[in-house]
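Geometric and topological summary
Spelled out, the chains give:
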Amino acid sequence: MAAPVRFLTARRSVVLNVNFTVLTFRSRKYSTLPRTDVQKEFSSKWVRQKFIDFFKEQHGHRYVPSSPVRPRGDPSLLFVNAGMNQFKPVLLGAADPRSEMASYRRVVNSQKCVRAGGKHNDLEDVGRDVYHHTFFEMLGNWSFGDYFKEEACSMAWRLLTEEYGIPPERLYVSYFGGDAACGLPADEETREIWRSLGVRGERLLPFGMSDNFWEMGDVGPCGPCTEIHYDHLGPREAPGLVNADSPDMVEIWNLVFMQYNREADGGLRVLPQQSVDTGMGLERLLTVLQGQRSNYNTDLFTPLLNAIHQCSGVQAYGGRTGEEDSGKVDMAYRVVADHVRTLSICIADGVYPGMTGAELVLRRILRRAVRYLTEVLKAPQGSLASLVPTVVHSLGDAYVELQEEQERIMDIINENEDHFLSALRQGRRVIDRTLGKMAAHETTFPAPVAWSLHRNLGFPLDLVHLMLEERGKGLDTHHLQQLEQQEKERAQSQAPLEGAVALLDVHSLCALQREGVPHTDDSPKYHYSLRHDGTYEFPPCSAEVLALYSVEGALLREAGEGRDCLVLLDRTCFYSQQGGQEHDQGYMTTDHLQGVLYPVSDVQLVGGYVLHRITATETLRPGDHVQLHIDQAQRLACMVKHTATHVLNFALRQLLGGGVAQRGSHVSAHRLRFDFSVKASLSVSELQQVESLVQQIIQEDVQVHTQEVPLALANQIPGLRTVDEVYPDPVRVVSVAVPVSELLEGGCNTHTSVELCCGTHLIRTGAIRDLVITSERQLVKGISRIVAVTGDDAREARETGNVLEQEVEALSARVAVATSPSLHEAQRLSKDVGQLTDALEGTPIPQWQKRVLQTRLKALQRSTNTSIRKLEIKEAQKLHEKHGLQTLVVDTIDTDSISVVVKTVNRYSELSPGCMVLLLAHQRSSGRVLCACQVPKGGVVSASEWALSVCGRLGGNAGGSATVAKGVGSTRSTEDLSQTLTWAQHYAQRGEGP
């Protein structure tokens, strides 16, 4: 390994009490320093800030904070996995023209990235080597239609060689060498730029599409890239190691030049606006600047590794890999250090361990960390959460949400660790029980059992393999892979469909802008009023057709009868889907054919243009004048739900405190859904209080105020609630009861609901009429989802709840009266309790009331089940008294439940362990005959064959094991049943029927 190297520029004044050797490269001075000084000088905080300051202060870039790791409105990603993710709307030309994002030209930031799950998945590689991570920081600078190749290369070279002081003799540069099949020439322009910066020709290396052509996805902006590589063992001549997967030669910075757009047909078109997207991993850069060969030896990880050692029961981290890493101890150190950083970042950003999507990936990360920490590093339970303060100390200055959410992060990690360790214990019991049921000659463990453990309990499959190997058993991996594939297909089939309207591509949007087509004026969507009689008036809107597109986005000259198309108008009163609220529905008519309706089925906003999806009933052309009519009932229902959502959000904060944060919402005409952060599910009392607070605001019938305000001014309003969205500027402020102007003046001390929102709202809260929370549950630990209805639906939910409450009261009375029921009566009561429980579960009633009734029904179920168990024992005792010490018992009992027959057989066998027992229950009304039997282990008669023979004689079937079996047959003849009993007894005595 090369000695640790520290490079200083002559421009920086540094006083050091050490001897150093001066090396001259192009009139600049570099020094080789001891590792301790290297790490102190080039701390991760300094390196990160130096990158930002270099572009911000010296090159006029705007600093944009990192977006959360949960992607904004991009269902194609589980996590943000690259710096450019949050800027995709800019690259695609689809940014809201009123938003700050639309003004971006030069941008710099440090983006939190997670690569675990999906296309970019480094999870299984973490720990095996010294450079893979699930969470990393991507330093990046962007140009959106501003500078291009020359400036990008020049700034990158200057930052690395002058500001960070890396010797040029250690750097190599790769560029795009062209691709004849795609008709792309070599990027000679970039090559010449590097030569002009002093990079020697032998250090400029061309590569093809796989290495030096970057694409956003299957379609979208793309282009050639140039990469800067660092030689850990330089200075020397080693161009053959570039892009050769050598640990000695690593890529540290990738500069992408967005010149093309990958079309849906696979072709490339030149973009109307060129952009630059660069990315440099902070962790890898630190290994260079701090003179290390491992990311885990930088100051981002060494405090964590020391903290892990303090709570572990093994030796300190040694940096070993492969065969040298005995017992995988150092691998475990790396896994835990990486994973606790990922967990902290994700939970702070609102992604909690769960059962689907990103949440499921995070659950696997947490459980992988717990296993390595407890099993390999011998740390006690709770150690993983104890590492969070170290993460916060390391990263909290750059990402302040870590400081704000530290307690919540620790709580969620601890709770999920408890659940996992409990699941491990349960899973081991299931494995042991399954193995105990397997015959001695069976060597393959059932794949469905293994998959169920993994899918439902999160039991690691590698642990299943290990436990089976220890017992000399195997697992059907082929069947397991089939089950995994079926699960993926099921998840894909249940995934929500994309929006019906195809968004216009970057070329169509740029063409509209180039031709001076104004953005759609959609302010008429707010032009409605409240009449004196309490009804709302939604006036129609006149507009002109500016353009027509196919649903695939192709420009049309006209749309003939029956043609599905997208209509772009100069103005609209239709609300496009955004802000969690569903789009409007309705129709449009043309001035020359007012009796012909063009139904509007979808409305979407892209890049400031509102697109209406219609099916043309007559030919429609650009230039036609139309009248727009929204579905007023649907719009009003959405307004009710949206205002109710704001009031609900306010009520939750009032009751539970300011720590409640909105995590998502959806408003439709039929119901509202609201996701929020809270430690545990709400209690019955809390649900009642929330509804009461909402009811109070509804009954006060207060005014809902709206006003457009400059974004910077709006953000100063006390108590303002925002979510992770890119807001327009100016932004619309929605305040309940208090005028926005008073909030802006700062003189109002009244607590009220105030949010930034583009949605359509009521003018007064009284129109909500009523609100009922019909569902509240934890989606994952720490995030709850409320579903609520309003108006007539709320009234109906309350009435239904009262009816169900009366039914529970009546059933409770029946159970109380039945002090000495027969077995049949007890079974009937138990069945009625079960049916009412099912009815309650699937019926929308107030959630607080549902919880109360569920508790009462559970108590009734326990009571009836206890009665049944006592009566089963009594029935078995009666049979035992009847048959005495006989070794063979064949008889009937009076019940219509197969479980009762089985349990009675079991009870009898407990009283007479050596006895063979078979019981039949005849349901005379239907003719069904229920059968169950049990025989001593190792006997000559097989229970499954016995039951199968008896049920087969009655035209039915049976199944079970060698000792216990059950089945069903059919006969309406009591004589036939009597003969079957005799036949069953002879079978057991002789081993076959007469």
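What you see is a predicted model; the values in this text were computed from it and never measured.

1. So, the overall build of the protein chain
- Helix and strand counts for the protein chain come out as 28 helices and 34 strands.
- Each principal axis of the C-alpha distribution contributes one length, and for the protein chain these read about 110 × 80 × 60 Å.
- Taking all 994 residues of the protein chain together, the buried fraction comes to 52%.
- For the protein chain, the distance from the average site of its 102 positive side-chain charges to the average site of its 120 negative ones is 6 Å.

2. As for the nonpolar core
- If you look at the biggest cluster of nonpolar residues, it comprises 121 residues, and the most contacted ones within it are Tyr-164, Ile-228, Trp-253 and Leu-384.
- Counting residues per element, this core draws most heavily on helix H9 (residues 329-348), at 13 residues.
- Residues Cys-541, Val-545, Met-588 and Met-639 belong to the second largest nonpolar core, which totals 53 residues.

3. Structural notes on a positive patch on the surface
- Taken together, Arg-425, Arg-429, Arg-433 and Lys-437 make up a surface patch of like positive charges.
- Along the chain, Arg-425 turns up in helix H14 (residues 406-437).

4. Considerations on the pairing of strand E21 (residues 609-615)
- Counting buried positions along E21 yields six of seven residues, so the element is predominantly enclosed.
- Inspection of the sheet shows strand E20 (residues 593-606) paired to E21 by six bridges, in the antiparallel sense. By the bridge assignment for E21, Val-606 is matched with Tyr-609.
- Here E20 folds back onto E21 in antiparallel fashion, the turn holding two residues, of which Gly-607 has a positive phi close to 60°.

5. Some thoughts on the side chain of Ser-830
- Here Ser-830 lies in helix H24 (residues 823-841).
- Residue Ser-830 is classed as buried on the basis of its relative accessible area, which comes to 13%.
- If we skip the residues at most four places from it in the chain, Ser-830 touches Gln-861, Thr-864, Asn-865 and Ile-868.

6. Some words on the sheet that holds strand E23 (residues 662-667)
- Pairing is antiparallel across the open sheet formed by four strands, whose spatial order is E23-E24-E29-E28. Whereas interior strands pair on both sides, the edge strands pair on one side only; in this sheet they are E23 and strand E28 (771-780). Each strand of the sheet is rotated relative to its neighbour by a mean of 15°, with strand direction disregarded.
- Where E28 meets strand E29 (residues 783-790), eight bridges bridge the pair, whose relative direction is antiparallel. Paired with Glu-776 across the bridge in E29 is Ile-786.

7. Concerning the packing of H9 against helix H12 (residues 388-395)
- Where H9 contacts H12, the axes come no closer than 10 Å and their chain directions differ by 75°. One element, H9, and the other, H12, form an angle in the roughly perpendicular class. Of the residues in H12, those in contact with Val-340, Arg-341, Ser-344 and Ile-345 of H9 are Val-388, Val-391 and Leu-395.
- Taken together, the residues of the contact of H9 with H12 break down into five nonpolar, one polar and one charged.

8. Here we look at helix H5 (residues 188-196)
- Along H5, the positions that sit buried rather than exposed are Thr-190, Arg-191, Ile-193 and Trp-194. Down the axis of H5, the buried set is contained in an arc of 160°. They therefore lie on one face.
- The inward-facing, buried residues of H5 contact helix H4 (149-163), strand E6 (171-176), strand E7 (204-207), strand E9 (220-231) and strand E10 (249-262).
- Gly-198 lies just past H5 and shows a positive phi near 105°.

9. Description of the pairing of strand E19 (residues 586-590)
- Among the five residues of E19, four are classified as buried, and the element is accordingly described as predominantly covered.
- As paired strands, E19 and E20 are joined by four bridges and run antiparallel to one another. By the bridge assignment, Tyr-587 is partnered in E20 with Pro-599.
- The turn linking E19 back onto E20 is made up of two residues.
- Both E19 and strand E22 (residues 625-630) contribute to a ladder of five bridges, which runs antiparallel. Bridge assignment links Met-588 to a residue of E22, and that residue is Leu-628.

10. Quick word on the pattern of salt bridges
- This model, assessed by the stated rule, comprises 47 salt bridges.
- We note a salt bridge from Glu-237 to Arg-200, for which the minimum N-O separation is 2.7 Å. One end of the pair, Glu-237, is in the loop between E9 and E10; the other, Arg-200, is in the loop between H5 and E7, and 37 residues separate them in sequence.
- Classification of Glu-237 by relative accessible area gives partly exposed; the value is 49%.
- Under the relative-accessibility criterion, Arg-200 is labelled partly exposed at 33%.
- Between Arg-798 and Glu-691 there is a salt bridge; the shortest N-O distance is 3.5 Å. Linking Arg-798 in helix H23 (residues 791-817) with Glu-691 in helix H20 (residues 684-700), this pair joins segments that are 107 residues apart in sequence.
- The exposure class of Glu-691 is buried, given its relative accessible area of 5%.

11. Description of the confidence of the model for the protein chain
- Confidence in the prediction of the protein chain, expressed as mean pLDDT, is 90, and 93% of residues score 70 or more.
- Segment residues 1-40 is flagged for pLDDT under 50; beyond a separation of four residues in sequence, or across chains, it makes 83 contacts in the model.
- The model gives residues 494-502 a pLDDT under 50, and that stretch makes 13 contacts with residues more than four places away or in other chains.

Thresholds applied
- Residues numbered from 1 in each chain as written.
- Predicted model: local features only at pLDDT ≥ 70, side-chain atom pairs only at ≥ 80, totals over all residues.
- Heavy atoms only, no water.
- Helix = DSSP H or I, 4+ residues; strand = E, 2+ residues; numbered from the N terminus.
- Buried < 20%, exposed > 50% of the residue type's maximum accessible area, 1.4 Å probe, protein only.
- Lys, Arg positive; Asp, Glu negative; His and termini not counted.
- Charge placed at Lys NZ, Arg CZ, Asp CG, Glu CD.
- Core = buried A, V, L, I, M, F, W, Y, C linked by side-chain atoms within 4.5 Å.
- Patch = residues over 30% accessible without salt bridge, like charges linked within 9 Å, V, L, I, M, F, W, Y side chains within 5 Å.
- Areas by Shrake-Rupley, 256 points an atom, 1.4 Å probe, with all protein chains shown as cover.
- Salt bridge = Lys/Arg side-chain N within 4 Å of Asp/Glu carboxyl O.
- Pairing = 2+ DSSP bridges.
- Contact = heavy atoms within 4.5 Å.
- Axes fitted to C-alpha atoms, helices over the stretch in contact; angles between N-to-C directions.
- Parallel < 35°, antiparallel > 145°, perpendicular 65-115°, else oblique.
- Nonpolar A, V, L, I, M, F, W, Y, C, P; charged D, E, K, R; others polar.
- Arc of directions from axis to C-beta.
- pLDDT = per-residue confidence, 0-100.

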